[in-house]
There are 2 protein chains.
Amino acid sequence: MVNVKKYKIGEFSQLVGLSTFTLRYYENEGIIKPHRDQSGMRYYTMADIKWVGFVLHLKGTGMKITALKEYVALRAAGDATIPARRALLAQVQKDCEAEIAERQANLQVLNHKIDWYDGKLDASISETESFETYLKRFE
Amino acid sequence: MVNVKKYKIGEFSQLVGLSTFTLRYYENEGIIKPHRDQSGMRYYTMADIKWVGFVLHLKGTGMKITALKEYVALRAAGDATIPARRALLAQVQKDCEAEIAERQANLQVLNHKIDWYDGKLDASISETESFETYLKRFE
DNA sequence: ACTTGACTTAGAGGGCACTATAAGGCTTAT
DNA sequence: ATAAGCCTTATAGTGCCCTCTAAGTCAAGT
């Protein structure tokens, strides 16, 4: 079987794009649980790559380490916690959507400001029109 | 005139939703420049409200304090810096768009995971189908 | 044999953006 | 007059998430 390959921390670090420091930190926090060989060396498997991949997606939504820890704890507690896990992720989802919406709203203002600069630069908008006045066009 | 009202820091703080600490911090960083009365008290005007409003929009796009400081410095240097200011904001715009796209991609994964939980909960997806397998449906 | 990389615990350092305190003195409103 | 709120500078603390070091040991590959 090809999927039983064991990765040592350095190799794994390269694969998932996290420093060995971070990997050990996550392990301390209980987010990643590598296996150990006879001599106490950590090793990671394909399953760990997938798990870290998922964790990174969650982190990328803005999920905090503490929430991730909760999630992991629920997972460890078995199938009975599935509704709780779903609820936790649904909250993260909601927060992430709100965050994106907010960013987009702020980006809109920035976009307008850049348009305004462009208008000013090519003189298609009055030199003296204020940004506030300009913005009102879009309200 | 109604627009010459002067706001003291406490009042202004309420208006813009920043603590007095933060207002003084921003002032230290050169981002906000309140006026002073005869006795040395800070006061803010309508123009300052608008400026802080814009600053908060910029911050909301993910623009850093250092970039904000650069922007303010360019503004102070006059109209000749308009192209530089535009370039600075265009970079922020680009970064913000990239950030939003990344968040959305990560959110997609989270959405799928929640769908998967829902499928599992109402048994419309096999109990044993792994998340990874499920995810492949969308690749 | 030797180099490289792994192991441990515990704690320090760093970046960012605040947030707060101290301590003493002024101003403004009731 | 009294209290609330403002002023100053300088400095420390907070929260998050790493990032790194120390200091000594151990194991694997060339």
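Residues numbered from 1 in each chain as written. Chains lettered and ligands numbered in written order. Predicted model: local features only at pLDDT ≥ 70, side-chain atom pairs only at ≥ 80, totals over all residues. Heavy atoms only, no water.

Trainee: Explain the environment of Y43 of chain B residue by residue, including any values.
Mentor: Residue and element names in this part refer to chain B. Its place among the elements puts Y43 in strand β2 (residues 42–43). Y43 sits in the buried class, given a relative accessible area of 16%. Contact partners of Y43, with chain neighbours within four places excluded, come to K6, Y7, P34, H35, R36, D37 and D48. (Helix = DSSP H or I, 4+ residues; strand = E, 2+ residues; numbered from the N terminus. Buried < 20%, exposed > 50% of the residue type's maximum accessible area, 1.4 Å probe, protein only. Contact = heavy atoms within 4.5 Å.)

Trainee: Residue-level account of the packing of aromatic side chains, with values.
Mentor: Residues and elements named next belong to chain A. Tallied over the full model, the rule gives twelve aromatic pairs over all chains. Ring geometry for Y25 versus Y26: centroids 5.8 Å apart, planes at 45 degrees, classification tilted. A residue is classified by how much of its surface remains accessible, and Y26, at 6% relative accessible area, is buried. Taken together, a centroid distance of 6.1 Å and an interplanar angle of 50 degrees make the contact between W51 and F54 tilted. Separated by three residues within a single helix, W51 and F54 lie in helix α3 (residues 46–60), roughly one turn from each other. Residue F54 is classed as buried on the basis of its relative accessible area of 5%. Three or more aromatic residues joined by ring pairs form one cluster here, namely W51, F54 and Y71. (Phe/Tyr/Trp six-rings, centres within 6.5 Å; stacked < 30°, edge-to-face > 60°.)

Trainee: Can you lay out the packing of helix α1 (residues 9–16) of chain B against helix α3 (residues 46–60) of chain B for me, pointing to particular residues and giving the numbers?
Mentor: All names here are of chain B. The geometry of α1 relative to α3 is characterised by a closest axis approach of 11 Å and an angle of 45 degrees between their N-to-C directions. Put simply, α1 runs oblique to α3. Like other packed secondary-structure pairs, α1 and α3 cross with a definite hand, here right-handed. Of α3, the residues touching α1 (which contributes F12, L15 and V16) are D48, I49, V52 and L56. Residues that form the contact of α1 with α3 fall into these classes: six nonpolar, no polar and one charged. (Axes fitted to C-alpha atoms, helices over the stretch in contact; angles between N-to-C directions. Parallel < 35°, antiparallel > 145°, perpendicular 65-115°, else oblique. Left-handed = near helix turned anticlockwise from the far one by under 90°. Nonpolar A, V, L, I, M, F, W, Y, C, P; charged D, E, K, R; others polar.)

Trainee: Give a description of the interface of chain B and chain A that names residues and reports values.
Mentor: In many reports, interface size means the accessible area that the parts give up when they come together. Of the residues lining the interface, 36 residues belong to chain B; the matching set on chain A comes to 36 residues. Both sides together, the interface formed by chain B and chain A hides about 3,500 Å², and carbon and sulfur atoms give 68% of it. Of all residues in chain B, R86, R103 and Y117 of chain B bury the most surface against chain A, accounting for 19% of the area lost on that side. Counting every contact that joins chain B to chain A gives two salt bridges. (Buried area = accessible area lost by both parts, 1.4 Å probe. Salt bridge = Lys/Arg side-chain N within 4 Å of Asp/Glu carboxyl O.)

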